[in-house]
Amino acid sequence: MSSIQASRGTRDILAPEIYDWQHLEALARRILAQAAYTEIRTPSFEATELFARGIGETTDIVGKEMYTFVDKGDRSLTLRPEGTAGAVRAFIEHKLFAQGGVQRLWYTGAMFRYERPQAGRQRQFHQLGVEVLGSKDPRADAEVIAIASDFLTELGLTDLVVDLNSVGNAEDRLAYRGALVDYFTPYEAELDADSRDRLTRNPLRILDSKDKRTQEIVQAAPSILDYLGAESQKHFERVRSLLQDLGIAFRLNPRLVRGLDYYTHTAFEIQSTLLGAQSAVCGGGRYDRLVAELGGADTPAVGWAIGLERLVLLLQKLSQRTAPTADFYLVSRGELAEAKALFVAQSLRRAGFITELDLSGAKFDKQLKRASSAGAKAALILGESEVASGQLQLKWLATGEQQAIALTDITANPETFRQTFSQRFSS
Ligand code: HAM
């Protein structure tokens, strides 16, 4: 019988890669706690309507990429393709606005898009995201970009570029949309099929076409920056000057349009030059209309999401993290000794040592070999005679040096034991 494989576009994350994931998750937690962001966990599936209304009917995500199904109660549900819509739904549902002030939220989890899998693009992937709800201050835009930048820099990534644009407010975009339709219509026959379709439905998305001829035509298309009203210009100028003050380099990119329709004013992406075609590590921007569109009170907001698979690919280009190695490896033989070894292992774990228990029942020398190949610092050896004498043997694996330790020193006084040995383990 043929074995079952992970579904196309999904993958298992195993050691040693998992240590990169744990490293970046721990760093994210620390940086976001320092910035006073609160974690939020929302469901993996939501009513389809939430995404259709939130992300936009004419986007590729809603039109082509959603995992939508009808459940046994006849509801149309969708595996979340991104985290913003769910966070906003929770913000409205739990009346988080009633707490007053600004809500700073973050989340991480699996997202689902039916895309053609390739390096850095999967059907189940993971995002780390932040959403700041309740402020129209340009400092909120600059803050979220600065947090992403600090996080990526602390991870050791240096090849990154921030692409920055403003997509203005609804009025600006309406004027710009008209200008784009006027510009592209004479070229209609030369545009790729998707772009022709977008000409009436969502002309801004034509700017994002990967087709060579369409890209040539896009070169001379009108720039959104010429259609920003006074309010949008002021907001954008302030964001740029705040980023300059923070020392965050950015590239002005008036062709940057995001794949989701909810953006207003600031839109940005952080690109890596090391990633090939799927180069966007982080994408985000301001979305001042979304909360109201999803039924909440008028609430300006801004946020981003980082694709964690892409981040891990970048970390692997730097160097791979390795497993934390055990402090102690317990070697035992004989029923009594084996039971005691489990007891000792638990005492050591409680005292804060990384402890691995050999379960093989193999000969002592075989177990000791395993202790060395596992990279443990010391083996603790327990046989019938050690149980009888109440002493076990501690063997330092790097030097072979050996000493006897009273069993009760570990099991009855783990704190003293910890103090005696912790220095040796921290080196
Ligand atoms: P997005 O640009 O669609 O934005 O996704 C953010 C990031 O998720 C991308 O830059 C990329 O790193 C990663 N990503 C997207 N699709 C895939 C995929 N199929 N495989 C692997 N990684 C992927 C959003 O999702 C918005 N919700 C961001 C946001 C939050 N805007 C405001 N707040």
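Small disclaimer: the values here were computed from a predicted structure and weren't measured.

Each value, and the rule that gives it
Residues numbered from 1 in each chain as written. Predicted model: local features only at pLDDT ≥ 70, side-chain atom pairs only at ≥ 80, totals over all residues. Heavy atoms only, no water. Domains from an automatic or database assignment. Axes fitted to C-alpha atoms, helices over the stretch in contact; angles between N-to-C directions. Helix = DSSP H or I, 4+ residues; strand = E, 2+ residues; numbered from the N terminus. Parallel < 35°, antiparallel > 145°, perpendicular 65-115°, else oblique. Left-handed = near helix turned anticlockwise from the far one by under 90°. Contact = heavy atoms within 4.5 Å. Nonpolar A, V, L, I, M, F, W, Y, C, P; charged D, E, K, R; others polar. Pairing = 2+ DSSP bridges. UniProt positions renumbered as here; feature names shortened; annotations may be inferred.

For the protein, the assigned domains are domain 1 (17-169 + 229-318) and domain 2 (328-421). Computed from C-alpha coordinates alone, the two centres of domain 1 and domain 2 are separated by 48 Å.

On to the packing of helix α1 (residues 17-34) against helix α11 (residues 308-318). Closest axis-to-axis distance for the α1/α11 pair is 10 Å, and the angle between their directions is 115 degrees. In this view, α1 runs roughly perpendicular relative to α11, as classed from their interaxial angle. As for how α1 packs across α11, the hand of that crossing is right-handed. Where α1 abuts α11, its residues E17, D20, W21 and L24 lie against L308, E309, L311, V312, L315 and Q316. A breakdown of the residues in the contact of α1 with α11 according to their chemical character gives six nonpolar, one polar and three charged.

Spatial ordering of the open sheet is given by β13-β12-β14-β15-β16, a layout of five strands whose pairing is mixed. Sheet topology places β13 (355-357) and β16 (402-406) at the edges, where each strand pairs with a single neighbour. Pairwise comparison of adjacent strand axes, ignoring direction, gives a mean angle of 25 degrees for this sheet. Seen against the sheet, helix α13 (residues 364-373) touches β12 (328-332), β14 (378-382) and β15 (391-396) and runs at an angle of roughly 170 degrees to β12.

Attention now moves to the UniProt feature "domain: Aminoacyl-transfer RNA synthetases class-II family profile" (unreviewed entry) in the protein. Taken from the UniProt record, the annotation "domain: Aminoacyl-transfer RNA synthetases class-II family profile" (unreviewed entry) applies to residues 1-324. What you have in residues 1-324 is 38% helix and 19% strand, and the ends, taken at the C-alpha atoms, are 38 Å apart.

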